[in-house]
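# Structural overview
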Amino acid sequence: MHPFLLHCIRRLVREVLRDEWDKHGIEMMRVTPGMLYALHTACEYKLVGILEDANLLCLHAKRVTLQARDIQLARRIRGEQMGEIASRPPPKPRNRAMDL
């Protein structure tokens, strides 16, 4: 990971955690580089998924320019609300015996 990107992520995480810790009266804790990398990876994965879905919606509408409404519809289809951090539920394991 690029050092500048790591610095930006570290600053954002510390700011969010500081607000939460102050709200609940918890003292400040250390944030490890591994945790930052994991958060970065998870955020990147989430954003890429939303943008891929939004791009498909854009193509379905026969447009080449991604618009905000595409992203909003992609999030709505995924079951996410504005301001809510949600992820897709894990897929249910398939019983191959029933497929026969």
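For the structure given in this document, a descriptive report is provided here. (Residues numbered from 1 in each chain as written. Predicted model: local features only at pLDDT ≥ 70, side-chain atom pairs only at ≥ 80, totals over all residues. Heavy atoms only, no water.)

## Focus on the overall build of the chain
Check the secondary structure of the chain and you find 4 helices and 0 strands. Here the chain, with 100 residues, has 17% of them falling under the buried criterion. Contacts spanning at least 24 positions in sequence make up 35% of the contacts within the chain whose residues lie at least 6 apart. Carbon and sulfur atoms make up 61% of the accessible area of the chain, which totals about 8800 Å². (Helix = DSSP H or I, 4+ residues; strand = E, 2+ residues; numbered from the N terminus. Buried < 20%, exposed > 50% of the residue type's maximum accessible area, 1.4 Å probe, protein only. Contact = heavy atoms within 4.5 Å. Areas by Shrake-Rupley, 256 points an atom, 1.4 Å probe, with all protein chains shown as cover.)

## Regarding helix H3 (residues 68–78)
Buried within H3 are the following residues: Asp70, Ala74, Arg75 and Arg78. In an axial view of H3, the angular spread of the buried residues amounts to 130 degrees, which keeps them on one side of the axis. The exposed residues of H3 that point more than 90 degrees off its buried face are Ala68, Arg69 and Arg76. Of the surrounding elements, those touching the buried residues of H3 are helix H2 (33–60). The first or second residue beyond H3 is Gly79, which carries a positive phi of 90 degrees. (Arc of directions from axis to C-beta.)

## As for the pattern of salt bridges
One pass over the full model with this rule turns up 6 salt bridges. Its salt-bridge partner being Lys23, residue Glu20 comes within 3.2 Å of it at the nearest N-O pair. Here Glu20 pairs with Lys23, and both are found in helix H1 (residues 3–24), just 3 residues apart, close to one helical turn. Under the relative-accessibility criterion, Lys23 is labelled exposed at 59%. The salt bridge involving Glu80 is made with Arg75; its shortest N-O contact spans 3.1 Å. In this structure Glu80 comes out as buried when scored by relative accessible area, which is 8%. Taken together, the shared-partner salt bridges connect Lys46, Asp53, Arg75, Arg78 and Glu80 into one network. (Salt bridge = Lys/Arg side-chain N within 4 Å of Asp/Glu carboxyl O.)

## Topic: the environment of Arg69
Along the chain, the position of Arg69 falls in helix H3. Take Arg69: its relative accessible area is 51%, and that puts it in the exposed class. Arg69 sits 12 residues away from Leu57 along the chain, and the two C-alpha atoms are 9.5 Å apart. Polar side-chain contacts of Arg69 include one of 2.7 Å to the side chain of Gln67. (Polar contact = N/O pair within 3.5 Å; in protein donor to acceptor, adjacent residues only side chain to side chain.)

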